[in-house]
Amino acid sequence: MAKLIMSLDNAVIREVPLDKERFTIGRKAHNDIQIDNLAVSGEHALIVTILNDSFLEDLGSTNGTLVNGNPVKKHILQTNDVVEIGKYKLKYVNDTNAGQATVQDFEKTMVLRAPMAKAMGAGPAGSFGDTQINPTATTTQSPRQTAAPSAPKPPETLAAIQILTGNSTGKELELTKNLTTLGKPGVQVAVITRRPHGYFITHVEGASYPVVNGKTLDAQAHQLNDHDVIELAGVKMEFFLKNG
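Residues numbered from 1 in each chain as written. Predicted model: local features only at pLDDT ≥ 70, side-chain atom pairs only at ≥ 80, totals over all residues. Heavy atoms only, no water.

### Notes on the sheet that holds strand S7 (residues 65-67)
Working step 1: Ordered by their spatial adjacency, 6 strands build an open sheet running S2-S1-S11-S10-S7-S8, and the pairing between neighbours is antiparallel. Here the strands that pair on one side only, and so sit at the sheet edges, are strand S2 (11-17) and strand S8 (70-72). Each strand of the sheet is rotated relative to its neighbour by a mean of 30°, with strand direction disregarded.
Working step 2: Pairing of S7 with S8 involves 3 bridges; the strand directions are antiparallel. Note that in S8 the partner of valine 67 across the bridge is asparagine 70. (Pairing = 2+ DSSP bridges. Helix = DSSP H or I, 4+ residues; strand = E, 2+ residues; numbered from the N terminus. Axes fitted to C-alpha atoms, helices over the stretch in contact; angles between N-to-C directions.)

### Describing the sheet that holds strand S5 (residues 45-50)
Working step 1: The 5 strands are arranged S4-S3-S5-S6-S9 in an open sheet whose pairing can be described as mixed. Both edges of this open sheet fall to strand S4 (33-34) and strand S9 (74-76), since each of them pairs with a single strand only.

### Structural notes on the layout of surface pockets
Working step 1: There is about 430 Å³ of room inside the largest pocket.
Working step 2: Lining the largest pocket we find 20 residues, and of these Arg22, Val48, Thr202, His203 and Ala219 sit closest to its centre.
Working step 3: Sorting the residues of the lining of the largest pocket by element identifies S5, strand S6 (53-58), strand S17 (188-195) and strand S18 (198-205) as the ones contributing at least two each. (1 Å grid on protein atoms, 1.4 Å probe; cavity = no way out; pocket = protein on both sides within 12 Å on 5 of 7 lines; lining within 4 Å. Points joined across faces, edges and corners; volume = space filled by probe spheres on them.)

### Things to note about the confidence of the model for the chain
Working step 1: Taken over all residues, the pLDDT of the chain has a mean of 76, while the share at 70 or more is 74%.
Working step 2: Mean pLDDT values for the elements of the chain range from 36 in strand S12 (residues 102-107) up to 95 in strand S10 (residues 82-85).
Working step 3: Across residues 98-146, confidence stays below pLDDT 50; counting only partners more than four residues off in sequence or on other chains, it has 102 contacts. (pLDDT = per-residue confidence, 0-100. Contact = heavy atoms within 4.5 Å.)

### Observations regarding the nonpolar core
Working step 1: Formed by 21 residues in total, the largest nonpolar core has its most connected members in Leu4, Ile33, Ile35, Ile47, Leu56 and Ile85.
Working step 2: Those elements giving two or more residues to this core turn out to be strand S1 (3-8), strand S3 (22-26), S5, S10 and strand S11 (88-93).
Working step 3: At 3 residues, the largest contribution of residues to this core is made by S11.
Working step 4: Listed in part, the 20 residues of the second largest apolar core include Tyr199, Leu217, Ile230 and Met237. (Core = buried A, V, L, I, M, F, W, Y, C linked by side-chain atoms within 4.5 Å. Buried < 20%, exposed > 50% of the residue type's maximum accessible area, 1.4 Å probe, protein only.)

### Focus: the pattern of salt bridges
Working step 1: Enumeration over the complete set of coordinates arrives at 3 salt bridges.
Working step 2: Lysine 3 is paired through a salt bridge with glutamate 15; the nearest N and O atoms lie 3.2 Å apart. Remark: glutamate 15 occurs in strand S2 and lysine 3 occurs in strand S1; sequence separation between them is 12 residues.
Working step 3: The class for lysine 3 is partly exposed, based on a relative accessible area of 27%.
Working step 4: For glutamate 15, a relative accessible area of 47% corresponds to the partly exposed category.
Working step 5: The closest approach of N and O atoms between lysine 20 and aspartate 32, which form a salt bridge, is 2.6 Å. Residue lysine 20 is found in the loop between S2 and S3, and its partner aspartate 32 is found in the loop between S3 and S4; the two are separated by 12 residues along the sequence. (Salt bridge = Lys/Arg side-chain N within 4 Å of Asp/Glu carboxyl O.)

### Remarks on the environment of asparagine 80
Working step 1: Within the secondary structure layout, asparagine 80 lies in the loop between S9 and S10.
Working step 2: A relative accessible area of 46% places asparagine 80 in the partly exposed class.
Working step 3: For the pair asparagine 80 and leucine 4, spaced 76 residues apart in the sequence, the C-alpha separation amounts to 9.6 Å.
Working step 4: The contact partners of asparagine 80, leaving out residues within four places of it in the chain, are Asn68, Lys91 and Tyr92.

### With respect to the pairing of S17
Working step 1: Along S17, 8 of the 8 residues are buried, which leaves the element largely enclosed by surrounding structure.
Working step 2: Judged by which residues are buried, S17 turns out to be covered on both faces: Gln188, Ala190, Ile192 and Arg194 on one side and Val189, Val191, Thr193 and Arg195 on the other are all buried.
Working step 3: Inspection of the sheet shows strand S16 (residues 179-184) paired to S17 by 6 bridges, in the antiparallel sense. Its bridge partner being in S17, leucine 182 is matched across the sheet by alanine 190.
Working step 4: Sheet topology note: the S17/S18 ladder contains 7 bridges and is antiparallel. Of the residues in S18, the one forming a bridge with arginine 195 is glycine 198.
Working step 5: With antiparallel pairing between neighbouring strands as the criterion, S17 and S18 make up a hairpin whose turn holds 2 residues.

Given below as structure tokens:
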């Protein structure tokens, strides 16, 4: 599990496990991490954790949010990143991702990263950890029936993206993981999450939002349909469904 190690003047104050999807940071008491300092805005920053990835967003704070000394609006956190809010530092530590990410560089301006999925298991409907799209049903046979081979399980609906522009035109990436990160860090980043009821794309980083079929998305997750065309970080790609 990822965590934040909070310090002031090089002295560690506490450790905060990121054990839920959304963590708010700010001066007001209702925040998950309250920092009672005038340099910190009432609602300063937000950390969203999806599976093994955490995304930091500055909430329009007065004095800004720094990561490794650089001001950020939205940022994908990596192990040992240091978030600075006022005089406080929050070191992000996530051992879960160590050695687990596979990177496919379709071209120099495009990074696609698919973290290893969590172990298969039941979870609340629609949760990010629920990877059982077509769980096997248990069946019973009538005593008069002779044993017969069970019907094959319907194939899971899998999807892929195909690059449409640039030097890597025609290359494909199967979306077999629960979460795939696409884009160019520092420019424009989005994630595609695989849920029991479909695939969804969500904006994570960058001043401009992804475009799907010529329409600019907003901050909400958008469900992808077969043959949708995505424009992200200057690259066009097609989302399509395929049988597993």
